[in-house]
Amino acid sequence: MPADPTASSHWQALARLATGIPSLTRLLDSEPDRFETQLVQAPGLRVDLSRQRWNAPVREALLALATEADLDRYRKTLFTGNTLNPTEGRAVLHTLLRQTAEPPVVVDGRNLTEEVAAARARMRQVSEAVRNGDWRGGTGRAIRDVVNIGIGGSFLGPALICDALGPSNGPRVHFLANIDGAEATRILAELDPERTLFVIASKSFGTLETRINATTCRSWFLERGGRIADIPRHFVAISTNLKAAAEFGLPEANLLPLWDWVGGRFSVWSPIGLPIALAHGDDSFQAFLDGARALDLHFRDAPLAENAPVLLALVELWNQAFLGTHSLAVLPYASDLARLPDYLQQLEMESNGKRVRVDGTPLSIDTGTILWGNVGTNGQHAYHQLLHQGTQDFSAEFILPLRTRHQLAEHHAWLAAHCFAQAEALARGVDAEQITQELMASGMDAPSAAAAAPHRVLPGNHPSTMVLLDDLGPQCLGALLALHEHKVFVQGILWGINSFDQWGVELGKKLGDRIHEQIIAARGAGDGARRKDATTDALVELFRQVNADAH
Ligand code: F6P
């Protein structure tokens, strides 16, 4: 495990550098070639770091910190057998899912490369059979709708990529994640049971939301004329827990595997990505894997100083630990990437929202990043006001595809213009003097202009990164997600935390089970039903009263 970064002399040097770092405007004006010097090229994308509030000494100190943390060795371990997830006793090998032509990875006598290849072949078979009509429902009709039942990593990645690739050219794909019955009701209302395939996606096959939704969908199917014997024509499952999936009533042929060395939030590359292959074809899915693989090789082999995920991780660490940013706004200028902030929330916040180091000792610095956002330009007419004039420090990541699939070139030019304009405005802002002059030039008298100016000042100095994708094709999308996966990994190494467990989500699940029992307990069950928390008891009682007929 890397040593506590705050004990490093490089950390102390960074703290000193932070006190004297010039404003972004000064950095940009004094280094007119910043775009060229701060642009990092990686397969499928470019990362422009010129509007980050850092300079050469800061970059060097951050790189020295990464070197001291042994990042060079750690990044290589991500591609071979490793023990990077000790608190769950698991290896971390999601990169293996997009690796084809290398020496096989064998762990504990199991040839994992072969297992992955077999699963890929099965995925291809299933997706092609559904798409070309060989896979038919129990009454002989072709599949028109696919419902992916899964949540978290078994939902966010496939949903993001299905959308990002544009309209499906295969079956329509729906995503049922939330336990809210409104979601199941809305989705099922559109479907014909004879023409629907349900994909139950759950690494554990124990996640409550997915279990309940799967059971509801099976009942819906059976209540509308579906026969038990036809369940294998209408349900498949993807899981590490093939036994539980089989108990759901599925034969082995309907089960696609997953492995405990793939974290849920890193699983879109596994059979969990089946909806992508169903909607867009297996070749597209393979191209998505290839794009990620190209980025993997960049991450593994490029020098740290030219390494896109490494620099992205380092600059956000600098922003958060030394410039005091409180959150990261992810601003994709592409409607097709509308789900990207949701996806990155799980990837970054579930991975790195940790309070102890790998050895269990408490951290003395903030980890993880509060990440949020939505598509541009919509956000400009909502929360950008706070970004420009609010009092909190933040950083931003803009994402723009350079080429677009649609033919509306005028729209794309405006979209890009606004993306670039927002990044410039965040960096440079506008000061009182300029505002006053502009107001007076438009005819306002001097006292009125002086009074109006403070309300119109934008302080600027907000750091941002611009990620330029070549396009929204599957390869670039694979690269985009791998870029962020590796960024998260690097940050975890620097902070000395385990990015691959998520124990923090467990208490809520346990309490949810207990409170559910309380909600559905028979009337008059007595004080036994009373629990530890008076507010929860009161809420349960109120809920029971309002829903007296239902429970
Ligand atoms: O509760 C968190 C979590 O375990 C995520 O890490 C995971 O992606 C999600 O739930 C779904 O889990 P599963 O695929 O096992 O249903």
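For the structure itself, consult the block above.
Worth saying up front: this structure is predicted, and the values here are computed from it rather than measured.

K.L.:
Which residues make up the site of the ligand, and what values go with them?
P.N.:
In the vicinity of the ligand, 14 residues are found, and the nearest of them are Ser 154, Ser 202, Lys 203, Ser 204 and Thr 207. A distance of 2.6 Å is found between an oxygen atom of the ligand and a side-chain nitrogen or oxygen belonging to Ser 154. Here Gln 346 contributes a side-chain N or O atom positioned 3.1 Å from an oxygen atom of the ligand.

K.L.:
Before we move on, can you summarise the pairing of strand E12 (residues 395–401) with the specific residues and values?
P.N.:
Counting buried positions over the seven residues of E12 gives seven, a clear majority of the element. Burial of E12 is two-sided: the residues Ser 395, Glu 397, Ile 399 and Pro 401 facing one way and the residues Ala 396, Phe 398 and Leu 400 facing the other way are all buried. Alignment of strand E10 (residues 328–332) against E12, held across five bridges, turns out to be parallel. When the sheet's bridge partners are listed, Leu 328 is paired in E12 with Ser 395. Pairing analysis gives six bridges linking E12 to strand E13 (residues 464–469), with the strands arranged parallel. From the neighbouring strand, Pro 401 faces E13, where its bridge partner is Leu 469.

K.L.:
Account for the sheet that holds E10, naming residues and giving values.
P.N.:
The strand order across the open sheet built from six strands is E1-E2-E13-E12-E10-E11, with neighbouring strands paired in mixed fashion. Each of the sheet's edge strands pairs with one partner strand only, and the pair in question is strand E1 (39–42) and strand E11 (371–372). Contacting E12 and E13, helix H17 (residues 409–428) crosses the sheet at an angle of about 160 degrees to E12.

K.L.:
Could you give an account of the packing of helix H18 (residues 432–441) against helix H19 (residues 446–456), with specific residues and numbers?
P.N.:
Where H18 meets H19, the axes come as close as 8 Å, and the angle between the chain directions of the two elements is 135 degrees. In terms of orientation, H18 and H19 fall into the oblique class. For the crossing formed where H18 meets H19, the hand is right-handed. Across from Ala 432, Ile 435, Thr 436, Leu 439 and Met 440 in H18, the residues of H19 making contact are Ala 446, Ala 449, Ala 450, Ala 452, Ala 453 and Arg 456. Taken together, the residues of the contact of H18 with H19 break down into nine nonpolar, one polar and one charged.

So, how was this worked out
- Residues numbered from 1 in each chain as written.
- Predicted model: local features only at pLDDT ≥ 70, side-chain atom pairs only at ≥ 80, totals over all residues.
- Heavy atoms only, no water.
- Near = heavy atom within 4 Å.
- Polar contact = N/O pair within 3.5 Å; in protein donor to acceptor, adjacent residues only side chain to side chain.
- Buried < 20%, exposed > 50% of the residue type's maximum accessible area, 1.4 Å probe, protein only.
- Helix = DSSP H or I, 4+ residues; strand = E, 2+ residues; numbered from the N terminus.
- Pairing = 2+ DSSP bridges.
- Contact = heavy atoms within 4.5 Å.
- Axes fitted to C-alpha atoms, helices over the stretch in contact; angles between N-to-C directions.
- Parallel < 35°, antiparallel > 145°, perpendicular 65-115°, else oblique.
- Left-handed = near helix turned anticlockwise from the far one by under 90°.
- Nonpolar A, V, L, I, M, F, W, Y, C, P; charged D, E, K, R; others polar.

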